[in-house]
Structures are given as structure tokens and as C-alpha cells.
Amino acid sequence: VIIDLHRHMWSVFERYSVVADIAARSGVAGHTHFTAPAEDVEGRVAEIRGEMERAGVDRSCLILGDYGLRIGEGDRTIEEENALQTDLARADERFIAFAGVDPRRDDAAALCRASLEAGARGIKLHPGAGFSPSDPCCRPLYELAGEYSVPVAIHTGPTAAPLISTYSSPLEVDEPAADYPDVDFILLHAGQRAWFQLALDLAWWKPNIYLELSLWQTLLLEDEAGFMSRLREIKGAIGLDRVLFGSDCPGISKIMDLTAWVEVFRALPESTARHGFEVSAGEVEEMLGGTAARLLGVEG
Ligand SMILES: [Zn+2]
């Protein structure tokens, strides 16, 4: 089974036009190829299903970032965005919703609970909106994660303006991971290049920390040897059964499409041999979906 732990209905550039404008002037102009407004739900869902079928992805987690307090509200309210995802996941088991809410909102816990009641199987936090995962305002959400036995997925690594990078260090997740040892914390993007070593060290110390590898497509394209050596370090330090496959589509689809990204993982037994270490077919299965199925409590 292949589970894409990290994808979006729409990229942030599609949901907030201000982001697209700023990104067009920054280093991520390549991400701004989607210009259609995020209106046509059925059309987009059909596109996603097609993309998943071509790539052999069985299930996709719909990860929802709430950026409204940082950059102004999007076209839909955050309640509507959450409901849209849980409605879709209820209608089609190929989709798994993650509740997304900025913990500083007055009704954050209520909104998160409503989403979990509606079937969401995880919680997503994006500190790029301007809060630390260590801030006490997040604690009601961690308590909900414990109550509903769902993982908390947190963006890590530097990010484009108008979002900020300050609180996206994996270190900000250390305190909640210590205080909520029964809650699983997923470091989305595994800290990216800047904070990968920190992410790995934290995961070494804390068994409830998992590493998700979306956006590593760019690392692979820019520096294949660097990609391989990081994978080798993970294997040596914590093993590959706490590594989760994710794509971050559609924002990254033009840089590497989903089919090619799945292929990279499938080919690891051969490609890692060329880089002097070994990843077994069984370890690939775990990364592509086995571990995610256990974390999410879905059939593997
Ligand atoms: Zn993402």
C-alpha cells in the first residue's frame, strides 16, 4: 500500500493570491504555476485521483495549513476548508483528512474537535503562520490528538514569505514531544536541509517523532549524493521505519511529478547500492505506506 502522507487540495499559492504575488518575486517562482482559483472542487479532486492512479498511490492525506492570521483569510473560511476535506474523505476512502487550524484562533480547539469528529485522522500545524509548536496555545490541540489517537504533523524547515521560518525548527517540537509521549509527532519535510541533523537527532532521542520526506524532491534533483547520504544517516540512526513518504503535491508537481517521486522510492534497493549502502524492498514498503498505515490506524 502506498500512502502519500502529505498532499494538499490546493497549493498555498492557489488559496491565497497574496502568496503567489510575493513568491513570484522570490526563489520559489517555479511553484507558482497554478493560477486557477481554488473554486472547482470536483475538477480538482478528479485531477488528484488521476495523479494518484498514475503513480500507484492508494491513499493521500489532505494536509491543511491555516495561514489566515499571518496573511489574511483565504477565499474560504478555515471551517469551510476543514469541512471540505472531511466531506471528501467520508465520500472516498482514498482520502484522509488532517484537521488544520491555527492554535491562536479563539475557537481552535472546537474547530479541531469538529474536524476529528467528522473523521479527520490527524492534526496539522504550520508554524510559518507565526507561532511556536511549544507555545501553550497549542496544548489543547495536542490533548485532542491524544484523545483521538491521531498524529500531529508539523511543518519544519525554512519557508517562503510571507510565511516566516523562525518557529519552524524541529527544536520547537521537542517540548511537546516530551510532554505528550503518547502522541506521535511528524516532522514534515524532516527539517529540510537547514535542520535535518537536528530533526534526526530529536527523532533518535524521542521515539514518538517521525520524519516525512516531502520537498526532498528538490534535494534529490540538486544533490543526489546528499539525498542518499541523508537517507543512509537516518537508517543508521533510527532505522527507516520512522520515515514517511510524502509529496507535498500539487505545489511541487511541476518540479517532480508524483509518479517519478514514487519511482525514486521503489528504486531505492538499486540506487542505494550504487551509493554504497542497502535499503531493502521491505524497508521501501514501510516508508511508502506501512508505517503511515499504523500511525493513521488505517489498513496497510
Ligand atoms: Zn505541504
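Everything numeric here is computed off the predicted structure, so don't read it as measured data. (Residues numbered from 1 in each chain as written. Predicted model: local features only at pLDDT ≥ 70, side-chain atom pairs only at ≥ 80, totals over all residues. Heavy atoms only, no water.)

What follows is about the coordination of the zinc ion. At this site the zinc ion is bound by His6 (NE2), His8 (NE2) and Asp248 (OD), with donor distances of 2.0 to 2.1 Å. Between consecutive donor residues of the zinc ion, the sequence gaps follow H-x1-H-x239-D. Taken individually, His6 and His8 each receive the classification buried, so the pair is uniform in this respect. (Donors = N, O, S within 2.8 Å, 3.2 Å for Na, K, Ca; no water. Buried < 20%, exposed > 50% of the residue type's maximum accessible area, 1.4 Å probe, protein only.)

With that out of the way, let us pick up the packing of aromatic side chains. Inspection of the entire model under this criterion finds nine aromatic pairs. An angle of 85 degrees between the planes, with centres 5.0 Å apart, marks the rings of Phe245 and Phe265 as edge-to-face. Here Phe245 is found in the loop between β8 (243-244) and α12 (258-266), whereas its partner Phe265 is found in helix α12, with 20 residues between them in sequence. Like Phe245, the residue Phe265 is buried in the burial classification. Aromatic rings pair up to connect Phe196, Trp216, Phe227, Phe245, Trp261 and Phe265 into one cluster. (Phe/Tyr/Trp six-rings, centres within 6.5 Å; stacked < 30°, edge-to-face > 60°. Helix = DSSP H or I, 4+ residues; strand = E, 2+ residues; numbered from the N terminus.)

Right, let's talk about empty space enclosed by the protein for a bit. By the definition in use, this model includes four cavities of 30 Å³ or more. Taken together, His8, Met9, Trp10, Arg15, Ile63, Leu64, Gly65, Glu81, Leu84 and Gln85 make up the lining of the largest cavity. At three residues, the largest contribution of residues to the lining of the largest cavity is made by helix α5 (residues 78-91). Of the residues belonging to the lining of the largest cavity, the class tally is five nonpolar, three polar and two charged. (1 Å grid on protein atoms, 1.4 Å probe; cavity = no way out; pocket = protein on both sides within 12 Å on 5 of 7 lines; lining within 4 Å. Points joined across faces, edges and corners; volume = space filled by probe spheres on them. Nonpolar A, V, L, I, M, F, W, Y, C, P; charged D, E, K, R; others polar.)

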